[in-house]
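Examining the three-dimensional arrangement
So the chains spell out like this:
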Amino acid sequence: MRLITHNMLKCHVRNCTDPDKQFPLRFENAELEQIEAERNDEFLVRMIPRLDWPALVKTATALGIALPASIPETPSEDDDFLQKLHTTILETHVKEGSMFCDGCGHEYKITNGIPNMLLAEHEI
């Protein structure tokens, strides 16, 4: 699972105790893999407004990835920023591990790079 995908996932458990903590899901025991991908600056620049930047920085930091705390004023002209963004959201994959909701503690397992976001019937 790419970190771009993680940046869009949140907990959907019906009785989640704190909806403000449903996002971002927290990784535990994450096994990371770098998979090279072609860089497309136009795509990256178009994705920036769709990303929850503070959540991405929080997640990246927890995984040991350095990202700037804020987006540059002209990201399309900052090659170093675009490379870091590309590497983080498109080339960093979580192969195995778990994501946890800090609101209710629900665990979402990741197996072979695929997060299991299905809920049991009593959680819907």
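First, a word on scope: everything that follows refers to the structure included in this document.

Quick look at the environment of Asn15
Examined against the element boundaries, Asn15 turns out to sit in the loop between helix H1 (3-6) and strand S1 (26-34). Given a relative accessible area of 57%, Asn15 falls into the exposed group. For the pair formed by Asn15 and Arg2, sequence separation is 13 residues and the distance between their alpha carbons is 28 Å.

Structural notes on the pattern of salt bridges
Per the stated rule, a full pass over the model turns up eight salt bridges. Residue Asp41 pairs with Arg39 through a salt bridge whose shortest N-O separation is 2.5 Å. Judged by relative accessible area, which is 32%, Asp41 ranks as partly exposed. On the accessibility criterion, Arg39 (24% relative accessible area) is partly exposed. One network of salt bridges, in which partners are shared, links Arg26, Glu28 and Asp102.

A few points about helix H4 (residues 79-91)
Within the span of H4, buried status applies to Phe81, Leu82, Leu85, His86, Thr88, Ile89, Leu90 and Glu91. The elements touched by buried residues of H4 are H1, S1, helix H2 (41-47), helix H3 (53-62) and strand S2 (92-100). With a side-chain oxygen lying 3.3 Å from the backbone nitrogen of Asp80, the N-terminal cap of H4 falls on Asp78.

Description of the sheet that holds strand S4 (residues 114-115)
Taken together, four strands build an open sheet; the order of strands is S1-S2-S3-S4 and the sheet is antiparallel. Looking at strand neighbours, the two that pair on one side only are S1 and S4, the edges of this open sheet. Bridge count between strand S3 (residues 107-111) and S4: two bridges; the pairing is antiparallel. Of the residues in S4, the one forming a bridge with Thr111 is Ile114. Across the sheet, H4 lies against S1 and S2, angled at about 60° from S2, the strand it touches most.

Things to note about the side chain of Ser98
Here Ser98 shows up in strand S2. Since its relative accessible area comes to 9%, Ser98 is described here as buried. Reaching out from Ser98, the side chain makes a polar contact with the side chain of Glu107 at a distance of 2.6 Å. Residue contacts for Ser98: discarding those within four places in its chain leaves Arg26, Phe27, Glu28, Glu107, Tyr108, Lys109 and Ile110.

Let's talk about the packing of aromatic side chains
Per the stated rule, a full pass over the model turns up one aromatic pair. Taking the centre distance of 5.6 Å and the plane angle of 45° together, the rings of Trp53 and Phe81 count as tilted. Placement of the pair is Trp53 in helix H3 and Phe81 in helix H4, with a sequence separation of 28 residues. Comparing Trp53 with Phe81, the two get one shared label, buried.

A closer look at H3
The complete set of buried residues in H3 reads Trp53, Ala55, Leu56, Val57, Thr59 and Ala60. Those residues of H3 that are buried lie in contact with H1, S1 and H4. N-cap assignment for H3: the residue whose side-chain oxygen lies 3.1 Å from the backbone N of Ala55 is Asp52. Looking one or two places after H3, you find Gly64, whose phi comes out positive at around 85°.

What counts and how
- Residues numbered from 1 in each chain as written.
- Predicted model: local features only at pLDDT ≥ 70, side-chain atom pairs only at ≥ 80, totals over all residues.
- Heavy atoms only, no water.
- Helix = DSSP H or I, 4+ residues; strand = E, 2+ residues; numbered from the N terminus.
- Buried < 20%, exposed > 50% of the residue type's maximum accessible area, 1.4 Å probe, protein only.
- Salt bridge = Lys/Arg side-chain N within 4 Å of Asp/Glu carboxyl O.
- Contact = heavy atoms within 4.5 Å.
- Polar contact = N/O pair within 3.5 Å; in protein donor to acceptor, adjacent residues only side chain to side chain.
- Pairing = 2+ DSSP bridges.
- Axes fitted to C-alpha atoms, helices over the stretch in contact; angles between N-to-C directions.
- Phe/Tyr/Trp six-rings, centres within 6.5 Å; stacked < 30°, edge-to-face > 60°.

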